[in-house]
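Here is how the chains run, residue by residue.
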Amino acid sequence: MREQINYHSWRYYALDDPEISDAEYDSLFRELETLEAAWPALSGENSPTRRVGEQPATGFASVTHLRPMLSLNNAFSDDEVEAFAQRVAELLATSASVEWAVEPKFDGLAISLVYQNGHFVSAATRGDGSTGEDVTGNVRTIRAIPLQLCTPDPPARLEVRGEVLMLKRDFRRLNEEQHASGNKPFANPRNAAAGSLRQLDASVTAGRRLHFFAYGTGYCEGWSMPATHGEVMDQLAAWRFPVSDLRRVVTGTSGLLAYYHEIGRERHALPFDIDGVVYKLNNLADQERVGYVARAPRFALAHKFPAEEATTRLLDIKVQVGRTGALTPVAVLEPVAVGGVTVSHATLHNEDEIHRKDIMIGDWVNVRRAGDVIPEVVSVVLSRRPADARRFVMRETCPECGSTVVRLPGEAVARCTGGLSCPAQRKQALWHFASRRAMDIAGLGERLADQLVDAGLAKDPADLYQLTVKQLAGLDRMGEKSAINLVKSIANSKQASLDRFLFALGIRHVGEQTARDLARRFLTVQELASASREELLQVPEVGEVVAESILHFFADAHNRSVIEKFIRYGVESRQSSANPVGQTPLSGKTLVLTGTLSGMTRDEARAWIERLGGKVSGSVSAKTDYVVAGADAGSKLARARELGITVLTESDLIAFAEQQRGES
Ligand code: IVH
């Protein structure tokens with residue numbers, strides 16, 4: 001066990017390239033501690049439990065810390081926290097409520113800064129706790145770290161302790177750059193921070209935008225220490241060290257646990273990673289009375305969050321058909337606990353991503369699940385690759401319908417060409433067909449579209465026109481009255497203009513504008529269906545890609561038979577007068593809905609947005625224009641804040657709509 005732990009701590013501390021997750025490492029370490037406690041005779045001087053970290057890597061000079069840099073004992077449950085607090089109370093021989101300084105546990109790397117007469121003179125990593133690596137030149141590039149204390153009366157000598165980390169947004173930017181320059185991406189912000197700090201060339205560190213939070217002091221001389229940790233932190237803040245504004249002073253175990261749960265709820269919205277919270281006795285004299293064990297203070301505790309990253313086997317890669325025909329590779333994993341739940345599947349995004357991350361079937365992979373985000377395979381542990389690992393090749397046919405899979409040049413996504421014949425795409429097609437800007441069938445939202453397909457009532461959108469009140473009334477949450485209304489609105493939609501009908505068909509690359517252009521040139525859908533490439537290319541704005549897509553759509557036998565059905569059922573859209581659509585407040589804007597809206601359903605909000613010319617997307621990215629946040633909005637809201645995207649409330653949305661009404 002000691003060998004194993006030594007090996008893993010070398011991978012982690014010396015190489016910045018761990019093979020196992022922190023949680024696995026923690027559990028190995030605890031097992032060894034338990035074994036040594038049970039058989040004290042077998043515990044030796046050189047056990048990893050007797051030291052704090054690992055030997056410095058070659059390339060940096062060694063520095064001896066003025067005071068050792070200790071580690072923290074960990075707790076993973078409320079019970080362990082209770083036991084800890086009780087032990088401290090016993091050691092203090094008090095039954096009164098104890099005062100605690102509490103703060104986030106930053107997920108970066110520990111650093112000790114030395115100031116002489118207020119001037120920054122050196123910086124060192126933790127190393128083995130007593131000796132670390134001299135990273136002065138690199139640390140000097142971190143702008144958050146003051147090079148001079150902001151006081152006319154500085155201590156003669158002072159060690160400031162804290163954590164160097166990388167903000168999530170800088171991490172994403174760095175990985176984009178790594179990708180663009182053909183370098184391996186970093187697995188997480190902590191690894192990126194460690195890799196950036198331990199650069200032999202400090203100018204590389206300078207370009208990496210590292211951040212720092214102070215969490216305490218080490219040695220000090222010529223400064224009369226205040227009475228509490230809270231006051232030490234206030235003094236550090238006054239000297240212009242970055243300190244977390246989430247630090248508090250609380251009392252009793254209930255105060256500790258309340259803080260833990262509060263920060264746990266906020267953690268994903270923070271701009272940096274934290275892996276738990278830290279509790280420290282607030283009174284410094286009490287800290288000394290309670291004292292230390294071998295590698296950690298007895299007066300402090302790290303209460304860890306469930307690990308959000310874990311290492312597990314990639315058993316297989318399956319392909320899932322998305323609602324727009326996009327094929328997404330999905331990792332089938334040996335089940336593993338991540339972020340408090342058991343994960344057995346994770347997204348792999350697309351084929352290129354798999355090869356970029358050099359992931360093979362059979363590999364050990366690092367899986368991440370943060371908050372309510374879909375679990376993702378972040379990286380592979382190359383040193384554990386088995387000899388029989390297999391390379392992933394994208395299928396040539398759709399697993400749902402057997403149609404050919406194509407990947408157009410310049411696109412990352414492979415798609416099923418089955419269109420309306422592919423069951424996975426039918427629900428989406430049906431919903432799109434009925435949407436406001438297409439056939440505008442009131443009452444037919446996403447949920448109902450799913451039900452109709454699942455119940456076999458609508459194999460394609462043309463089937464809608466044969467639905468009876470009786471069939472509909474049998475569906476979940478559908479009374480007779482709403483069934484009657486729905487049948488009416490379906491029948492009304494037969495009058496929709498040709499451009500709406502063409503848009504409703506969901507032909508790839510045929511958006512609303514193209515549909516309008518086509519409807520001006522071709523008077524019926526039959527005319528369009530029999531148009532030649534040359535005729536299509538005569539339509540303004542129709543280029544090779546669009547023409548090809550239209551030809552492809554109408555060449556498909558299934559699509560042709562659906563069109564025939566439409567005509568048979570009386571959906572004979574003709575282009576009437578022009579159908580002008582003016583500028584609307586949300587024209588061309590992409591919005592994301594998150595949280596619980598109070599006055600409208602998601603479908604209704606979506607309909608509002610679409611009517612105002614906007615588009616609703618499921619995930620927040622740089623392309624998002626607005627995020628509409630309701631109650632209890634979670635990670636999407638946090639991401640929006642990180643990206644500086646304007647956040648709207650439900651009433652902002654209604655105000656937009658009213659503005660629109662006023663204009664028209
Ligand atoms: S106090 C004597 N406070 O956690 C205790 N440590 O597992 C000294 N860490 O090496 C540590 N955030 O790098 C303390 N708010 C915080 C912390 C924190 C992160 C790290 C630190 C330390 C490790 C111990």
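The present account deals with the structure reproduced in this document. (Residues numbered from 1 in each chain as written. Predicted model: local features only at pLDDT ≥ 70, side-chain atom pairs only at ≥ 80, totals over all residues. Heavy atoms only, no water.)

### A short note on the nonpolar core
Working step 1: Formed by 55 residues in total, the largest nonpolar core has its most connected members in Ile441, Leu452, Leu464, Tyr465 and Leu518.
Working step 2: At the level of secondary structure, the elements contributing two or more residues to this core comprise helix H12 (423-434), helix H13 (446-454), helix H15 (480-492), helix H16 (498-504), helix H17 (512-521), helix H18 (525-529), helix H20 (544-555) and helix H21 (557-568).
Working step 3: Ranked by size, the runner-up nonpolar core spans 34 residues in total, among them Ile111, Phe171, Ala194 and Leu236. (Core = buried A, V, L, I, M, F, W, Y, C linked by side-chain atoms within 4.5 Å. Buried < 20%, exposed > 50% of the residue type's maximum accessible area, 1.4 Å probe, protein only. Helix = DSSP H or I, 4+ residues; strand = E, 2+ residues; numbered from the N terminus.)

### Topic: the sheet that holds strand E19 (residues 590-594)
Working step 1: The sheet built from four strands is open, its strands ordered E20-E19-E21-E22 with parallel pairing. What marks the edges here is a single partner per strand, and that holds for strand E20 (615-617) and strand E22 (646-648). Each strand of the sheet is rotated relative to its neighbour by a mean of 35 degrees, with strand direction disregarded.
Working step 2: In this sheet, E22 lies alongside strand E21 (residues 626-629) in parallel orientation, the contact comprising three bridges. Bridge pairing links Val628 to Leu648 in E22.
Working step 3: In the packing of helix H22 (residues 602-611) onto the sheet, contacts are made with E19 and E20, and the angle to E19 comes to roughly 165 degrees. (Pairing = 2+ DSSP bridges. Axes fitted to C-alpha atoms, helices over the stretch in contact; angles between N-to-C directions. Contact = heavy atoms within 4.5 Å.)

### Some details on the packing of aromatic side chains
Working step 1: Using the criterion set out here, one finds 15 aromatic pairs in the structure.
Working step 2: Both rings, one in Tyr292 and one in Phe299, keep their centres 5.5 Å apart while their planes meet at 80 degrees; by these two values the pair is edge-to-face.
Working step 3: Under the relative-accessibility criterion, Tyr292 is labelled partly exposed at 33%.
Working step 4: Classification of Phe299 as buried rests on a relative accessible area of 7%.
Working step 5: Ring geometry for Tyr465 versus Phe566: centroids 6.2 Å apart, planes at 70 degrees, classification edge-to-face. Pair noted here: Tyr465 is in the loop between H13 and helix H14 (469-473) and Phe566 is in helix H21, with a separation of 101 residues, a long-range link.
Working step 6: A relative accessible area of 9% means that Tyr465 is categorised as buried.
Working step 7: Judged by relative accessible area, which is 1%, Phe566 ranks as buried.
Working step 8: Just above the ring of Trp364 sits the side chain of Arg384; from NZ or CZ to the centre is 4.0 Å.
Working step 9: Positioned above the aromatic ring of Phe522 is the side chain of Arg521, whose terminal nitrogen or guanidinium carbon lies 4.7 Å from the ring centre. (Phe/Tyr/Trp six-rings, centres within 6.5 Å; stacked < 30°, edge-to-face > 60°. Lys NZ or Arg CZ within 6 Å of the ring centre and 35° of its normal.)

### Side note on the packing of H12 against H13
If you want to describe how two helices pack, look at the angle between their axes and the distance between the axes.
Working step 1: As a packed pair, H12 and H13 sit with axes 9 Å apart at the nearest point and diverge in direction by 130 degrees. Classified by the interaxial angle, the pair formed by H12 and H13 is oblique. Like other packed secondary-structure pairs, H12 and H13 cross with a definite hand, here right-handed. Where H12 abuts H13, its residues Arg426, Lys427, Leu430 and Trp431 lie against Glu446, Ala449, Asp450, Leu452, Val453 and Asp454. (Parallel < 35°, antiparallel > 145°, perpendicular 65-115°, else oblique. Left-handed = near helix turned anticlockwise from the far one by under 90°.)

### Structural notes on unusual backbone geometry
Working step 1: For Arg240, which is not a glycine, the phi torsion comes out positive at approximately 80 degrees.
Working step 2: Using a relative accessible area of 59% as the deciding quantity, one classes Arg240 as exposed.
Working step 3: Unlike most non-glycine residues, Arg477 shows phi in positive territory, near 55 degrees.
Working step 4: Along the chain, Arg477 falls in the loop between H14 and H15.
Working step 5: Using a relative accessible area of 72% as the deciding quantity, one classes Arg477 as exposed.

### Quick notes on empty space enclosed by the protein
Working step 1: Applying the stated criterion to the full structure yields three cavities of 30 Å³ or more.
Working step 2: By volume, the largest cavity amounts to about 40 Å³.
Working step 3: Leu498, Phe501, Thr524, Val525, Gln526, Ile567, Val571, Glu572, Ser573 and Arg574 together form the lining of the largest cavity.
Working step 4: If you list the elements that add at least two residues to the lining of the largest cavity, you get H16 and H18. (1 Å grid on protein atoms, 1.4 Å probe; cavity = no way out; pocket = protein on both sides within 12 Å on 5 of 7 lines; lining within 4 Å. Points joined across faces, edges and corners; volume = space filled by probe spheres on them.)

### Topic: the side chain of Thr624
Working step 1: Looking at the element boundaries, Thr624 is found in the loop between E20 and E21.
Working step 2: Side-chain polar atoms of Thr624 contact the backbone nitrogen of Ser621, separated by 2.9 Å.
Working step 3: Those residues in contact with Thr624 that lie beyond four places of it in its chain are Thr590, Val592, Ser619 and Ile645. (Polar contact = N/O pair within 3.5 Å; in protein donor to acceptor, adjacent residues only side chain to side chain.)

### Focus on the pattern of salt bridges
Working step 1: Summed over the entire model, instances satisfying the criterion amount to 36 salt bridges.
Working step 2: In this structure, Arg247 and Asp234 form a salt bridge, with 2.9 Å as the shortest nitrogen-oxygen distance. One end of the pair, Arg247, is in the loop between helix H8 (229-238) and strand E9 (248-251); the other, Asp234, is in helix H8, and 13 residues separate them in sequence.
Working step 3: A relative accessible area of 25% places Arg247 in the partly exposed class.
Working step 4: For Asp234, a relative accessible area of 43% puts it in the partly exposed group. (Salt bridge = Lys/Arg side-chain N within 4 Å of Asp/Glu carboxyl O.)

### Quick look at helix H23 (residues 635-643)
Working step 1: Turning to H23, its buried residues are Ser635, Leu637, Ala638, Ala640 and Glu642.
Working step 2: Contacts made by the buried residues of H23 are with helix H5 (168-180), E19, E21 and E22.
Working step 3: Immediately beyond the C-terminal end of H23, within one or two residues, lies Gly644, with a positive phi of roughly 70 degrees.

### So, the site of the ligand
Working step 1: The local shell around the ligand holds 13 residues, among which Glu103, Pro104, Glu163, Tyr215 and Lys280 are the closest.
Working step 2: Phe106 has a polar backbone atom sitting 3.0 Å from a nitrogen atom of the ligand.
Working step 3: Tyr215 places a polar side-chain atom, nitrogen or oxygen, 3.1 Å from an oxygen atom of the ligand.
Working step 4: When the ligand is considered free in solution it has 520 Å² of accessible area, and contact with the protein chains removes 87% of it.
Working step 5: Taken together, the elements giving at least two residues each to the shell around the ligand come down to strand E3 (99-106) and strand E10 (274-281).
Working step 6: Grouping the constituent residues of the shell around the ligand by class yields seven nonpolar, one polar and five charged. (Near = heavy atom within 4 Å. Areas by Shrake-Rupley, 256 points an atom, 1.4 Å probe, with all protein chains shown as cover. Nonpolar A, V, L, I, M, F, W, Y, C, P; charged D, E, K, R; others polar.)

### Here we look at a nonpolar patch on the surface
Working step 1: On the surface, Met1, Leu35, Trp39 and Leu42 cluster together into a nonpolar patch covering about 410 Å² of accessible area.
Working step 2: On the secondary structure map, Leu35 appears in helix H2 (residues 22-38).
Working step 3: The class for Leu35 is partly exposed, based on a relative accessible area of 36%. (Patch = residues over 30% accessible without salt bridge, like charges linked within 9 Å, V, L, I, M, F, W, Y side chains within 5 Å.)

### Some thoughts on the packing of helix H3 (residues 78-91) against helix H9 (residues 252-266)
Working step 1: One way to put it is that H3 packs onto H9 with a least axis distance of 10 Å and a crossing angle of 145 degrees. Note on packing geometry: the crossing formed by H3 with H9 is right-handed. Where H3 abuts H9, its residues Asp78, Val81, Glu82 and Ala85 lie against Thr253, Leu256, Leu257 and His261.

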